[in-house]
Amino acid sequence: MGRAFILIAFGLLLGFAAGFAVAYWRLSPYYRIDRLITGAAPPATNVPPNYALWRDSYRTETASVQIVMLGDSITRLGNWPVLLGKADITNLGIPGDTTDGVLGRLGDGNIPPGSTVFILAGVNDVVRSIPVERTLANLERIVGALALGRTIYLQSTLFTERAGLNGDIARIVAGEKAICRRLRCTFVDLNAVLAPQGVLLAEYSADGIHLSAAGYAKWADIVRSYLLRDEGKRQPL
């Protein structure tokens, strides 16, 4: 009787702890549960705070832009002209953006023909419980829409320090590799350096999802290696 009581109490405590973690950190099942209880859509799935302001500030196409960094807050927080030592870069990262949002922004006229585009998206889809299949369908449409006349690098969605997110992220990464086998893009495995064991390394993490200064330095090294490779291909014989 006493042992059964202890096991039941332990199970209840474990369940409470798991529920608290899901609610507090809004881990993957959070928005599904919220929809079941309230009938409401998950907040700001496609419209993060100040989204319209961010988007309007990016609308003007700049003819001199050669490199486009496209994504969410992980992209936005990088000072790419400084990190890469280049001035012909535009940063089109919007905090909180999902692949739905990135897809919707492709018609804004700020990704010039002939440019090189580095895409990083997907983690907010997982946070907001957007199905992996939809995320991958969006990424395929994004690549397909941009590939003609541009050089496209599809960067691996970054693993986090949160185990509850990394399972779906692993599925997205596998799908991203497949997309670049089918379409005209190059898959860039950021996780091989930043999260080699399937978890974002602490030294490269600012908060479990976003990158530290050391993380951005490593990311910039990876991007630079691809840019140098492309420059080498364009050198006259």
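Residues numbered from 1 in each chain as written. Predicted model: local features only at pLDDT ≥ 70, side-chain atom pairs only at ≥ 80, totals over all residues. Heavy atoms only, no water.

Draft legend 1. Focus on the confidence of the model for the protein. On average, residues of the protein score 86 in pLDDT, and 79% of them reach the 70 mark or higher. This stretch, residues 38-45, has a pLDDT under 50; its non-local contacts, to residues over four places away or in other chains, come to 12 contacts. (pLDDT = per-residue confidence, 0-100. Contact = heavy atoms within 4.5 Å.)

Draft legend 2. Representation of unusual backbone geometry. Although it is not a glycine, Ser129 adopts a positive phi angle of roughly 60 degrees. Considering the arrangement of structural elements, one finds Ser129 in the loop between α7 (123-127) and α8 (132-147). (Helix = DSSP H or I, 4+ residues; strand = E, 2+ residues; numbered from the N terminus.)

Draft legend 3. Representation of empty space enclosed by the protein in the model. Within the structure shown, the criterion is met by 1 cavity of 30 Å³ or more. Taken as a whole, the largest cavity spans an internal volume of roughly 30 Å³. Around the largest cavity, the lining residues are Asp72, Ile74, Leu120, Ala121, Gly122, Val123, Thr157 and Leu158. Here the residues of the lining of the largest cavity sort into 5 nonpolar, 2 polar and 1 charged. (1 Å grid on protein atoms, 1.4 Å probe; cavity = no way out; pocket = protein on both sides within 12 Å on 5 of 7 lines; lining within 4 Å. Points joined across faces, edges and corners; volume = space filled by probe spheres on them. Nonpolar A, V, L, I, M, F, W, Y, C, P; charged D, E, K, R; others polar.)

Draft legend 4. Looking closely at the packing of aromatic side chains. Counted according to the given criterion, the structure contains 6 aromatic pairs. Judged by centre distance (6.2 Å) and plane angle (45 degrees), the rings of Trp54 and Tyr58 are tilted. Residue Trp54 and its partner Tyr58 are located together in helix α3 (residues 51-58), separated by 4 residues, close to a single helical turn. Relative accessible area serves as the criterion here: at 27%, Trp54 is assigned to the partly exposed category. Note on Tyr58: relative accessible area 10%, which makes it buried. Here the aromatic residues Trp80, Tyr216 and Trp219 are joined through ring pairs into a cluster of three or more. (Phe/Tyr/Trp six-rings, centres within 6.5 Å; stacked < 30°, edge-to-face > 60°. Buried < 20%, exposed > 50% of the residue type's maximum accessible area, 1.4 Å probe, protein only.)

Draft legend 5. Broad picture of the sheet that holds strand β3 (residues 116-120). With parallel pairing, 5 strands are arranged side by side in an open sheet as β2-β1-β3-β4-β5. This sheet does not close on itself; its edge strands, each paired only once, are β2 (89-93) and β5 (186-188). For this sheet, the mean inter-axis angle between neighbouring strands, taken without regard to orientation, is 20 degrees. Two strands pair when backbone bridges link them, and strand β4 (residues 151-155) and β5 are joined in this way by 3 bridges, in the parallel orientation. Note on β5: the bridge partner recorded for Leu154 is Phe187. (Pairing = 2+ DSSP bridges. Axes fitted to C-alpha atoms, helices over the stretch in contact; angles between N-to-C directions.)

Draft legend 6. Main features of the pattern of salt bridges. Per the counting criterion, the structure on display carries 10 salt bridges. Between Glu231 and Lys86 there is a salt bridge, with its nearest N and O atoms 3.0 Å apart. Separated by 145 residues along the polypeptide, Glu231 in helix α11 (residues 213-234) and Lys86 in the loop between α5 (80-84) and β2 bring together distant segments of the chain. With a closest N to O distance of 2.4 Å, Asp100 and Arg134 form a salt bridge. Taken together, the residues span a long stretch of sequence, with Asp100 in helix α6 (residues 99-104) and Arg134 in helix α8 at a distance of 34 residues. What emerges from the salt-bridge pattern is a single network uniting Arg55, Asp56, Arg59 and Asp108. (Salt bridge = Lys/Arg side-chain N within 4 Å of Asp/Glu carboxyl O.)

Draft legend 7. Representation of the nonpolar core within the structure. The biggest cluster of nonpolar side chains holds 60 residues, and the ones touching the most others in it are Leu70, Ile74, Ile119, Leu146 and Trp219. With residues near it in sequence (within four places) discarded, Ile74 still touches Leu120, Val123, Leu158, Ile209, His210, Leu211, Tyr216 and Trp219. (Core = buried A, V, L, I, M, F, W, Y, C linked by side-chain atoms within 4.5 Å.)

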